Structure formats: C-alpha cells, structure tokens
2 protein chains.
Amino acid sequence: MSEAKTDPRILRTRKFIMDAFMELSAKKEFKDITVKDITNEAMINRATFYYHFEDIYDLLEKVLSEVLLINLDCNAYENSEINEETLISIFTAITNFQNALSNRCHRGYEETIARIIREQLEVVFYRMLVRQHEGEDKEGLQVTAVMLAWGIYGASVEWRRNVKDVTPEAYIQSAIPYLMKGLS
Amino acid sequence: MSEAKTDPRILRTRKFIMDAFMELSAKKEFKDITVKDITNEAMINRATFYYHFEDIYDLLEKVLSEVLLINLDCNAYENSEINEETLISIFTAITNFQNALSNRCHRGYEETIARIIREQLEVVFYRMLVRQHEGEDKEGLQVTAVMLAWGIYGASVEWRRNVKDVTPEAYIQSAIPYLMKGLS
DNA sequence: TTAAAAATGTTGTTTATCCAACACATATAG
DNA sequence: CTATATGTGTTGGATAAACAACATTTTTAA
C-alpha cells in the first residue's frame, strides 16, 4: 500500500474550496458562480484555486465525484460481491444522489453529471467483478462493468422520469433475476 | 491610520488555535492541556503553534484578553465618557466574563486571569479619561486609570464572594456617586 | 457599436506552514 | 536506579498559499 501522505495544507484548502462551492450551489445556479465567489467564501486567494483545480468545471467534476463516492460508501462494497443486496443498495444510492442534486440547481450540466456517475459506477462494479471472478478474462469483466454502469444509471433515469410511485428498491428488484441468473 | 493588512493565513491559524484551546478548556483543566492537544484539535503543525505563541501561557493570556475584549465590547466605549451608564456596563461585563470563566475550569490561574482583566480595564479607562480630559496631566490620568481598574476589578471579586443576592448593577451603583462626584 | 467593468488564467516573488530531527525536561514503571 | 515514554521548545530545508501584476476574454451598459 503506497501511502504518500499528502500535505495537510492541501487537504484543508481543498476542503475549504469544495465546501464553499457546495454552499454557493445551494444559493445560486452553477452558471452564476464565479471563481472569485468561491475563493471569497473559502477565504483563500484566487491563485490558490488554480493551484488545485484546472477551472470551475474541474471543480464541479471533483466535487460531484467525491459526494457521489460518499453516497456510494465505496468502502462498504470494497469486500463484497455483486448480488441482490448490493445492487439494490447501489441503485438507491444513485437515486438518492440525484434527488439531492436536483435541489442544487446544476441545470445545464446534466450530461457532465451523468458521465461522472457512470464512471464512478464502472469503477465500483469492475472492482467487485474482479474480486468475484479471480483469474478470469479482464476484458470481459471490464465490458460487463461498463454495461452494468450504463444499465444501472439508465434505470435510475427512467425511474425518475416515469415511475416514481414505485420505490427504487422495488423498481430495480424486478430486473435483478435477469441480471443475476442470466437472460436464458 | 496605518492598516498593514495581516496575511489571512495568520488570522486563520490564530483562530484555529484559539478555538481549539477554548474547545479543550471546556473539556479539561488548563494544567492537563498540552500543546500537542491544541495543535491536534486545530489541525495544524506543532511548530506552527510556536510561530504564533511563546508557549501555552502566552496563548492563555491572549485568548483571555480577546474574549474579555469582546465582552467589554471595546469599540462601544471608544467614543463615550466615564459616567454612571458606562461604569455599570463595564462592571456587568466583568462579572459576566468571570461567570463564563468559572465554567471553564482554569483553576490555579486566577492570578494570571485577574492581571489580564485589570490590564484591559486600565487601557479602556485610560482611553476614556484622555478623551474626557484633553490637555490635562497624562500621569494623573494614568494613575486614575490604574485605580479605577483595580477598584472595579476588586468590586467584582467582592461581589462574587459575598453579595450575590444583589444584582451587579445595584452593587456598583451604590458606589458610583462617590466616584463621579468625588469623596468630598 | 463601443467603452468600461468584471472574470479568467498565468507568473514571479514573498511568506506562512509543514516536517523531521534534535536536545532537554519530566514523569512513570520495572 | 534506570529505562521508556511523553511533553517542550528550536532549527533548517521543503512546499503550499498569499499577493500583485499582467494579458485575455466575456459581460454589461450607454
């Protein structure tokens, strides 16, 4: 385990910036938030912002990934398998995350957000698959992870759009047999 | 007005340290608080502590002065005179401050705290006296400020010790005529 | 359309913070 | 007594953060 301890100043400042951004996101839309706003709120120098992030879009990506990771509680799946329980848990994490986001007014960036979610899901699924199928063809597992990520994400989109009278749990559960036992 | 803006890092770090110290003071006695405790709580490096403060006693002094200053609301007296109203206000500020302290367990440092309070009082009184008696003998005003500081402080000690059935306002008010109109 | 104002990114220099290491003092226990 | 541990205060070198200045681009208003 390579643990190159990161300088506490970095962790502190990144946290200041991210917290400031989330605070501002609750008040105004993404398109109205400037770098100056963020550095004012975070009480750091504007140049320091650019030391940590490419630009405001880079910040958006990293904040979303981080919040999503917390929602996914990645460590919890670190040592478990893909099964009915974990699939339901992940699916509800996604729907919760999206509900939380919808209050935060990131209109116009749905596609970015969607990509981030799928990327995170892909990572999580791939890890679980590799653990579950040691020694098997990595490429096949990779493609499977991609399809699972898109599938789960798509299901969450459709659930939000159409069927909110069914709980997320019930919604995804109806498809699980086909996932777990195969289409045949 | 010379306003040499201080580096925001300094303000931040000092606040972290002071907040950490006050937080710890609520939990354990002063004698059981180590520098390491403080820097852990403040999430800063131990060496950084010594960049800002001589030692833990220096920190104690500065925290108390600052808290006291806030209690005294120094600016409020900045442009006013010594009269019945301000004397009562200052006296109650002191008694409030000491009540707040007594919950914070600084046992064994009463004398240090007393000195800090008197020093602060002296500064406040001297400023008010100078404004009130422009052009008069500074030394006389200085000594008067010293006596007022000791007197007001002593009165607060005696009030705490003996007469808590009288309000601070009533207690000090009984002596104000002799202060304002003189002993004769 | 144009001029002023505000936001973005970048750069070089200075300063505050981090870190590891040190000598020294003060317990605490075997 | 002695060894082990814990706290104090200091140092030198490395690095993150502050700051001011600049050229560009984008917004805003007139």
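Residues numbered from 1 in each chain as written. Chains lettered and ligands numbered in written order. Predicted model: local features only at pLDDT ≥ 70, side-chain atom pairs only at ≥ 80, totals over all residues. Heavy atoms only, no water.

Novice: Explain the UniProt feature "DNA-binding region" (unreviewed entry) in chain A to me, using residue names and the numbers behind them.
Specialist: Those residues carrying the UniProt feature "DNA-binding region" (unreviewed entry) are residues 34-53 of chain A in this numbering. Between the first and last C-alpha atoms of residues 34-53 of chain A the distance is 14 Å; the span itself is 75% helix and 0% strand. (UniProt positions renumbered as here; feature names shortened; annotations may be inferred. Helix = DSSP H or I, 4+ residues; strand = E, 2+ residues; numbered from the N terminus.)

Novice: Let's hear about the protein's contact with DNA strand C: which residues, and what values?
Specialist: Taken together, 21 residues sit near DNA strand C, with Arg9(A), Thr13(B), Thr48(B), Tyr51(B) and His52(B) positioned nearest. The sugar and phosphate moieties of DNA strand C supply 68% of its atoms located within 4 Å of the protein. Per-class residue counts for the surface near DNA strand C are 8 nonpolar, 5 polar and 8 charged. (Near = heavy atom within 4 Å. Nonpolar A, V, L, I, M, F, W, Y, C, P; charged D, E, K, R; others polar.)

Novice: Got a sec to walk through helix H7 (residues 110-132) of chain A? Specific residues and values, please.
Specialist: Here H7(A) spans 33 Å end to end across 23 residues, near enough to the 33 Å set by a 1.5 Å rise per residue. Residues Ile113(A), Ala114(A), Ile116(A), Ile117(A), Arg118(A), Gln120(A), Leu121(A), Val124(A), Phe125(A), Met128(A) and Leu129(A) constitute the buried set of H7(A). (Expected span 1.5 Å × (residues − 1). Buried < 20%, exposed > 50% of the residue type's maximum accessible area, 1.4 Å probe, protein only.)

Novice: Summarise the environment of Lys62(A); cite the residues concerned and give the values.
Specialist: Residue and element names in this part refer to chain A. Tracing the sequence through the fold places Lys62 in helix H4 (residues 56-72). Owing to a relative accessible area of 32%, Lys62 belongs among the partly exposed residues under this scheme. Between the C-alpha atoms of Lys62 and Gln173, which are 111 residues apart in sequence, the distance is 31 Å. Leaving out residues up to four positions away in the same chain, Lys62 has contacts with Arg14, Met18, His52 and Phe53. (Contact = heavy atoms within 4.5 Å.)

Novice: Describe in detail the layout of surface pockets, supporting the description with residues and values.
Specialist: Size it by volume and the largest pocket reaches roughly 830 Å³. Arg9(A), Arg12(A), Arg9(B), Arg12(B) and Thr13(B) are the residues nearest the centre of the largest pocket, which is lined by 26 residues in total. Of all the secondary-structure elements, those providing two or more residues to the lining of the largest pocket are helix H1 (8-25) and helix H3 (46-52) of chain A together with helix H1 (8-25) and helix H3 (46-52) of chain B. (1 Å grid on protein atoms, 1.4 Å probe; cavity = no way out; pocket = protein on both sides within 12 Å on 5 of 7 lines; lining within 4 Å. Points joined across faces, edges and corners; volume = space filled by probe spheres on them.)

Novice: Let's hear about the interface of chain A and chain B: which residues, and what values?
Specialist: Taken together, the contact between chain A and chain B spans 4 residues of the former and 4 residues of the latter. Across the interface of chain A and chain B, roughly 320 Å² is buried in total on both sides, 56% from carbon and sulfur atoms. It is Arg12(A), Phe16(A) and Met43(A) that lose the most area in chain A upon contact with chain B, and together they represent 90% of the buried surface on that side. Our count for the contact surface shared by chain A and chain B stands at 0 salt bridges. (Buried area = accessible area lost by both parts, 1.4 Å probe. Salt bridge = Lys/Arg side-chain N within 4 Å of Asp/Glu carboxyl O.)

Novice: Describe the protein's contact with DNA strand D, and please don't skip the residues or the numbers.
Specialist: The environment of DNA strand D is made up of 21 residues, and the closest members are Thr13(A), Thr48(A), Tyr51(A), His52(A) and Pro8(B). Per the 4 Å cut-off to the protein, sugar and phosphate atoms form 70% of the nearby atoms of DNA strand D. The side chain of His52(A) places a nitrogen or oxygen atom 2.6 Å from a phosphate oxygen of DNA strand D. A distance of 3.2 Å separates a phosphate oxygen of DNA strand D from a polar backbone atom of Val35(B). For the surface near DNA strand D, the elements supplying multiple residues, two or more each, are H1 and H3 of chain A together with H1, helix H2 (35-42) and H3 of chain B. Counting residues per element, the surface near DNA strand D draws most heavily on H3(A), at 4 residues. A class-by-class count of the residues in the surface near DNA strand D yields 8 nonpolar, 5 polar and 8 charged. (Polar contact = N/O pair within 3.5 Å; in protein donor to acceptor, adjacent residues only side chain to side chain.)

Novice: Describe in detail unusual backbone geometry, supporting the description with residues and values.
Specialist: Of note, the phi angle at Met43(A) is positive, near 55°, even though the residue is not glycine. Turning to its location among the elements, Met43(A) is positioned in the loop between helix H2 (35-42) and H3.

Novice: Give a description of the relation of the copies chain A and chain B that names residues and reports values.
Specialist: Expressed as a screw operation, the relation of chain A to chain B combines 0.2 Å of axial shift with a rotation of 179°, fitting to an RMSD of 0.1 Å. Each copy turns onto its partner about a two-fold axis. Residues of chain A ranked by C-alpha distance from the rotation axis are headed by Arg9(A), positioned 5.5 Å from it. The fraction of interface residues of chain A whose copies in chain B are also interface residues reaches 100%, indicating that both copies meet through the same surface. (Least-squares fit on C-alpha atoms with pLDDT ≥ 70 in both.)

Novice: Account for the domain arrangement of chain A, with residues named and values stated.
Specialist: Taken domain by domain, chain A holds domain 1 (2-53) and domain 2 (61-183). Relative to domain 2 of chain A, the C-alpha centre of domain 1 of chain A lies at a distance of 27 Å. (Domains from an automatic or database assignment.)

Novice: Which residues make up the side chain of Gln98(B), and what values go with them?
Specialist: Residues and elements named next belong to chain B. Assignment of secondary structure puts Gln98 in helix H6 (residues 84-102). One polar contact links Gln98 to Ser156, side chain to side chain, over a distance of 3.1 Å. If we ignore the near neighbours within four places in the chain, the residues touching Gln98 are Ile117, Tyr153, Ser156 and Arg160.

Novice: A description of the packing of helix H7 (residues 110-132) of chain B against helix H8 (residues 138-161) of chain B should follow, citing residues and the corresponding values.
Specialist: All names here are of chain B. Two elements in contact, H7 and H8, have axes separated by 8 Å at closest approach and are oriented at 135°. The angle between H7 and H8 places the two elements in the oblique class. Judged by the twist between their axes, the crossing of H7 over H8 is right-handed. Each of Ala114, Ile117, Arg118, Leu121, Glu122, Phe125, Tyr126, Leu129 and Val130 in H7 lies in contact with H8, whose residues at this interface are Lys138, Leu141, Gln142, Thr144, Ala145, Val146, Leu148, Ala149, Trp150, Ile152 and Tyr153. (Axes fitted to C-alpha atoms, helices over the stretch in contact; angles between N-to-C directions. Parallel < 35°, antiparallel > 145°, perpendicular 65-115°, else oblique. Left-handed = near helix turned anticlockwise from the far one by under 90°.)

Novice: If you had to explain the pattern of salt bridges to someone new, which residues and values would you point to?
Specialist: Applying the stated criterion across every chain yields a total of 16 salt bridges over all chains. For the salt bridge of Asp37(A) with Lys28(A), the shortest nitrogen-to-oxygen distance reads 3.1 Å. For Lys28(A), a relative accessible area of 31% puts it in the partly exposed group. The partner of Lys62(B) in a salt bridge is Asp58(B), with the nearest N and O atoms 3.2 Å apart. Within this pair, Lys62(B) and its partner Asp58(B) are both found in helix H4 (residues 56-72), separated by 4 residues, close to a single helical turn. Linked through salt bridges whose partners overlap, the residues forming this network are Glu61(A), Arg115(A) and Glu119(A).

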